[in-house]
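Fold and geometry: a report
Residues per chain, in single letters:
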Amino acid sequence: MDISPDYKNYTLDDLYSAARSINQEMFPERTAQIHQLIAEKEAHLAENSSAQSEVTNTLATRTHRFWGAVIDMVLQIICTIPFFWFVGWERMQQLTPWLMLAGLVYGLAVYLLLHGYLLHKYGQTIGKAEFGMRIETLDGKQATLSHVMLWRHLPTLLLSYVPAIGQLLAGLVNPLFIFGKNKRCLHDYIAKTRVSYISNAESMTE
């Protein structure tokens, strides 16, 4: 009585071994089943490996995010000095709607000038690039420049203009969110983003 082995329960290594040892002329149907199962298991393995490498990038540490933010902040402050010099300190003490709008536009322009290329190409600001980090969407893909500007940077900038509590919300409450389990600031929750390290494979590709 010919009892066919249950190849479905074989591991991939067992299937490789069976494919090498089987008499293909005597058992053509078994041979075809073995090769089919090998192809299915290899495809499943490749799919899982690809999904894991894309989604499970390591979240950036709070220390690296802090120093990356410090670098970006210092650069932003330096580039904002000409605006303060042109407007004058006395006028800055009495903000008008037009002056607030000018400051908003100037701030966005400086941010794009400093980080626009890196954000578009790699999802990084200058500070994040220094530590090998990038901004990602929650599915592990690089965040686009438009997504970062419209949903991550602009809301925080607008938040800072809220009377009385704006600076507190944008400057203190926003970054304090990073001490949560997911290591995400308030602007990350608003934009549905996270900051992760770029994997070696992605670095080589780029």
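Residues numbered from 1 in each chain as written. Predicted model: local features only at pLDDT ≥ 70, side-chain atom pairs only at ≥ 80, totals over all residues. Heavy atoms only, no water.

A closer look at the overall build of the protein
Looking only at helices and strands, the protein has 10 helices and 2 strands in total. Mapped from its N terminus to its C terminus, the protein presents α and β elements in the order α-α-α-α-α-α-β-α-α-α-β-α. Relative to a compact globule of 206 residues, whose C-alpha radius of gyration would be 17 Å, the protein shows 27 Å and is clearly more extended. Considered along the principal axes of its C-alpha atoms, the protein spans approximately 100 × 30 × 30 Å. The proportion of buried residues among the 206 residues of the protein is 32%. Sequence separation of at least 24 residues holds for 63% of the intrachain contacts in the protein that already meet a minimum separation of 6. Treating the 17 positive side-chain charges of the protein as one cloud and the 18 negative ones as another, the clouds have centres 11 Å apart. (Helix = DSSP H or I, 4+ residues; strand = E, 2+ residues; numbered from the N terminus. Rg over C-alpha atoms; globule rule 2.2 N^0.38 Å. Buried < 20%, exposed > 50% of the residue type's maximum accessible area, 1.4 Å probe, protein only. Contact = heavy atoms within 4.5 Å. Lys, Arg positive; Asp, Glu negative; His and termini not counted. Charge placed at Lys NZ, Arg CZ, Asp CG, Glu CD.)

Quick word on the pattern of salt bridges
The tally for this structure, following the rule as stated, stands at 4 salt bridges. Of the charged contacts, one joins Arg65 and Asp188 as a salt bridge, the two residues approaching to 3.0 Å between their closest N and O atoms. Here Arg65, found in helix 3 (residues 62-87), pairs with Asp188, found in helix 9 (residues 186-191); they are 123 residues apart in sequence, far enough to count as distant. Neither Arg65 nor Asp188 differs from the other in exposure class; each is buried. Here the salt bridges share partners, and the residues they tie into one network are Arg65, Arg152 and Asp188. (Salt bridge = Lys/Arg side-chain N within 4 Å of Asp/Glu carboxyl O.)

Brief notes about the layout of surface pockets
Put simply, the largest pocket is a space of about 1,800 Å³. Lining of the largest pocket is provided by 46 residues; of these, Met73, Thr156, Leu157, Ala170 and Gly171 occupy positions nearest its centre. Counting residues per element, the ones that place at least two in the lining of the largest pocket are helix 3, helix 4 (89-93), helix 5 (97-122), helix 7 (145-159) and helix 8 (166-176). (1 Å grid on protein atoms, 1.4 Å probe; cavity = no way out; pocket = protein on both sides within 12 Å on 5 of 7 lines; lining within 4 Å. Points joined across faces, edges and corners; volume = space filled by probe spheres on them.)

What to know about the packing of aromatic side chains
Summed over all chains, the structure comprises 5 aromatic pairs. A centroid spacing of 5.1 Å and a plane angle of 75° characterise the contact between Tyr7 and Tyr10, whose relative ring orientation is edge-to-face. For Tyr7, a relative accessible area of 5% corresponds to the buried category. Overall, the relative accessible area of 28% leaves Tyr10 in the partly exposed class. Between Phe83 and Phe84, the aromatic rings sit 6.3 Å apart at their centres with planes inclined by 85°, giving edge-to-face as the arrangement. Judged by relative accessible area, Phe83 falls into the buried class, the value being 13%. Through a chain of ring-to-ring contacts, the aromatic side chains of Phe83, Phe84 and Tyr106 assemble into a single cluster. Here the basic side chain of Arg30 rests over the ring of Phe27, its NZ or CZ set 4.3 Å away from the ring centre. (Phe/Tyr/Trp six-rings, centres within 6.5 Å; stacked < 30°, edge-to-face > 60°. Lys NZ or Arg CZ within 6 Å of the ring centre and 35° of its normal.)

Some details on the packing of helix 3 against helix 5
Angle between the axes and distance between the axes: these two values describe a pair of packed helices. The N-to-C vectors of helix 3 and helix 5 enclose an angle of 140°; their axes lie 10 Å apart at closest approach. Put simply, helix 3 runs oblique to helix 5. Relative to helix 5, helix 3 is oriented so that their crossing is right-handed. Along its contact with helix 3, which presents Asp72, Leu75, Gln76, Cys79, Thr80, Pro82, Phe83 and Val87, the element helix 5 presents Leu99, Ala102, Gly103, Tyr106, Gly107, Val110, Tyr111, Leu114 and His115. (Axes fitted to C-alpha atoms, helices over the stretch in contact; angles between N-to-C directions. Parallel < 35°, antiparallel > 145°, perpendicular 65-115°, else oblique. Left-handed = near helix turned anticlockwise from the far one by under 90°.)

Notes on helix 8
Those residues of helix 8 not exposed but buried are Gly166, Ala170 and Asn174. Relative to the axis of helix 8, the buried residues are bounded by an arc of 45° and lie together on one face. Exposed residues on helix 8 whose side chains face more than 90 degrees from its buried face are Gln167 and Gly171. Those residues of helix 8 hidden inside the fold are in contact with helix 7 and helix 9. (Arc of directions from axis to C-beta.)

Function cannot be read off these values alone, since they describe shape.
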